[in-house]
Amino acid sequence: MRRPSTHDAIVIGGGPAGTSAALALARRGWAVAIVEKSAFPRRKVCGEYISASNLALLDWLEIGDTWRAEGGPEIRRVGLFSGDTSIEAPMPGARSGPAARDGFGRALGRDMLDTLLLDAARSAGAEVFQPCRAVAIERDGDRQAVRIQAKGGGCRDEAAILRAPVIVAAHGSWEPGPLPSQLEKQSRPSDLLGFKAHFTASSLPPDLMPLLTFPGGYGGMVLADHGRMSISCCIRRDMLVRLRGSLARERGSRVSAAEAVEHHIMATCRGAREALEQARLDGPWLAAGPIRPGIRVGYEADIFRVGNAAGESHPIIAEGISMALQSGWLLAHELGAAESGQTGREAAGRRYEAAWRGLFSTRILAAEAIARMALGPGGAALMEAVVRNFPRALTLGARLSGKTRSVPGLADARLAR
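Throughout this description, residue numbers start from 1 for each chain and increase along the sequence as written. Totals for whole chains, interfaces and linings use all residues, but because this is a predicted model, local features are given only for residues with pLDDT of at least 70 and pairs of side-chain atoms are given and counted only at 80 or more. Side-chain numbers come from the whole structure's heavy atoms, not from hydrogens or water.

Participant: Please give an account of the pattern of salt bridges that cites residues and values.
Facilitator: Here, a salt bridge means any Lys or Arg side-chain nitrogen found within 4 Å of an Asp or Glu carboxyl oxygen. The full count for this structure, using the stated rule, is 29 salt bridges. Note that E74 and R106 form a salt bridge whose closest N and O atoms lie 4.0 Å from each other. With E74 in the loop between α3 (64-70) and β5 (77-82) and R106 in strand β7 (residues 106-107), the pair connects residues that are 32 residues apart, well separated along the chain. Both residues of the pair, E74 and R106, count as buried. Salt-bridge contacts for R236 lead to D238; the nearest nitrogen and oxygen are separated by 2.7 Å. Each of R188, D191, R237 and R292 takes part in one network of salt bridges that share partners. Here a strand is any run of E in DSSP of at least two residues, a helix any run of H or I of at least four, and the numbering for each starts at the N terminus. Categorising residues by exposure relies on relative accessible area from a 1.4 Å probe, with only protein chains included: less than 20% of the type maximum marks a residue as buried, more than 50% marks it as exposed, and the intermediate range marks it as partly exposed.

Following this line, the structure appears as structure tokens:
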């Protein structure tokens, strides 16, 4: 029998939520393992925008300077592209800290961001098992035993079982699996499916991030690193089925989901069509989902959830990466201050859940309200009318979504280093 490898914490998932938690815990002297199923670099369905409110956290994680150098242009305007309507308003600036000094948020491709964060966690002392999948978790005395499985020879034989008292579930919410923290997926007509692509030579203004609305869905566009324009969107499953069928009959051949989505956006959203008119697709369209917005259990039986595993907002507010980074920090902050033993971990779990809800519940509710308006009958027209008469509603929406709110406790952490 293989001898299990022992750590203080095992992080399942090497995205922004998992690596920020792992890096922060490793900085506090914890022995941390990261189990990541994909080889990096890899692209991922994501809007890729990071709010300026995260700059202090990125600096604490020691990737801020690289993010500034590699990220896309500062996003100073937020917009709405809906039908033939194109409206813009100022992006709210951060209220304090490095963000107020440096400017505004930017976008960085997940192929670059995730690699940057994972390398930083590895440099801080985290042990990385990649590409490996966590296939089971079982109680083993006062610890948890995580069985991992190699993907293409990425896991060492002697580490097929990892043990730790703390498990951090950072695997997202889109992929089903056997772990207690993973959601069951049931197909429903109202499901929102996610799509994302990069384009080059787009005519989108470099400092503008518009919200896109179109029948059956919504999306966003932003200029990211190396001149790549990132477009991401969600569309209802039943609308996608209709679109594929209609376009296939029109063309007389089978149509992929990505083709149908791109055709639909171009046909119904003038602002997106004009931005993409001369653009070239950079790599294939990606798909994922369905998304499951809502707040979930943050702690249960020594399993702590971060990122989308803890709670997910509609991506209409472009706060997914911010919530991932900040939730990882919140958890590490509470675990680092916890007393040893089961009682201490339970108390940390309760504090973490309260802090998570305090930081994210407003933006999740705001995202739900905006998404319902965009997707509901006549909702897009109503949104256009409101924004046309009150463009600053876009600025207010960006503020309500959390783009000016930094993670608490970071100032004290910087002083303690």
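Participant: Give me a nonpolar patch on the surface: which residues, what numbers.
Facilitator: Residues enter patches when their relative accessible area tops 30% and they take part in no salt bridge; the joining distance is 9 Å for like charges and 5 Å for the nonpolar side chains Val, Leu, Ile, Met, Phe, Trp and Tyr. The Shrake-Rupley method, run with a 1.4 Å probe sphere, supplies the accessible areas, and residue values consider only the shown protein chains as cover. A surface patch of nonpolar side chains, amounting to about 230 Å² of accessible area, comprises M373, L382 and V386. Residue placement: M373 occurs in helix α10 (residues 341-375).

Participant: Tell me about the packing of helix α6 (residues 237-251) against helix α7 (residues 257-268), residues and numbers included.
Facilitator: All axes are obtained by fitting lines to C-alpha atoms, using only the stretch in contact for helices, and the reported angles, taken between N-to-C directions, cover 0 to 180 degrees. Where α6 contacts α7, the axes come no closer than 9 Å and their chain directions differ by 90°. Between α6 and α7, the angle falls in the class roughly perpendicular. Listed contacts from α7 to L240, L243, R244, L247 and R251 of α6 are A257, E259, A260, V261, H263 and H264. Here is the rule for angles: anything less than 35 degrees is roughly parallel, anything more than 145 is roughly antiparallel, 65 through 115 is roughly perpendicular, and the remaining ranges are oblique. Residue contacts are counted whenever heavy atoms from the two residues lie within 4.5 Å of one another.

Participant: So what's going on with the nonpolar core? Which residues, and what values?
Facilitator: We define a nonpolar core as any set of buried Ala, Val, Leu, Ile, Met, Phe, Trp, Tyr and Cys residues linked to one another through side-chain atoms lying within 4.5 Å. Formed by 55 residues in total, the largest nonpolar core has its most connected members in I34, L61, I63, L325 and W329. Of all the secondary structure elements, the ones that give two or more residues to this core are β2 (9-12), α1 (16-27), β3 (32-35), α2 (55-60), α5 (110-123), β12 (166-169), α9 (320-336) and α10. Top contributing element to this core by residue count: α9, with nine residues. With 31 residues, the next largest nonpolar core counts A197, L204, L212 and A272 among its residues.

Participant: Give me the lowdown on the state of the cysteines, citing residues and values where you can.
Facilitator: In plain terms, two cysteine sulfur atoms within 2.5 Å form what is called a disulfide here. Taken as a whole and assessed by the stated rule, the structure comprises zero disulfides. The thiol of C233 is not disulfide-bonded; the next cysteine sulfur, from C234, is found 6.9 Å away. On the accessibility criterion, C234 (3% relative accessible area) is buried.

Participant: Please give an account of α1 that cites residues and values.
Facilitator: In a regular helix each residue adds 1.5 Å, so 12 residues correspond to 16 Å; α1 covers 16 Å between its end C-alpha atoms and thus fits that length. Phi turns positive, to about 90°, at G29, one or two residues after α1. Expected helix span is given by 1.5 Å per residue-to-residue step, counting one fewer step than there are residues.

Participant: Any details on the packing of aromatic side chains? Residues and values, ideally.
Facilitator: Only rings of Phe, Tyr and Trp enter the pairing, Trp through its six-membered ring, and a pair is recorded when the two centres are within 6.5 Å. The plane angle decides the type: under 30 degrees is stacked, over 60 is edge-to-face, the rest tilted. What the rule picks out here adds up to four aromatic pairs. A centroid spacing of 5.1 Å and a plane angle of 70° characterise the contact between W60 and W329, whose relative ring orientation is edge-to-face. Here W60, found in helix α2, pairs with W329, found in helix α9; they are 269 residues apart in sequence, far enough to count as distant. Taken as a pair, W60 and W329 share a single burial class, namely buried. Taken together, a centroid distance of 4.5 Å and an interplanar angle of 40° make the contact between Y299 and F304 tilted. Since its relative accessible area comes to 14%, Y299 is described here as buried. Judged by relative accessible area, which is 0%, F304 ranks as buried. Lysine and arginine charges are scored as sitting over a ring when NZ or CZ, respectively, is within 6 Å of the ring centre and within 35 degrees of the ring normal. Just above the ring of W60 sits the side chain of R27; from NZ or CZ to the centre is 5.0 Å.

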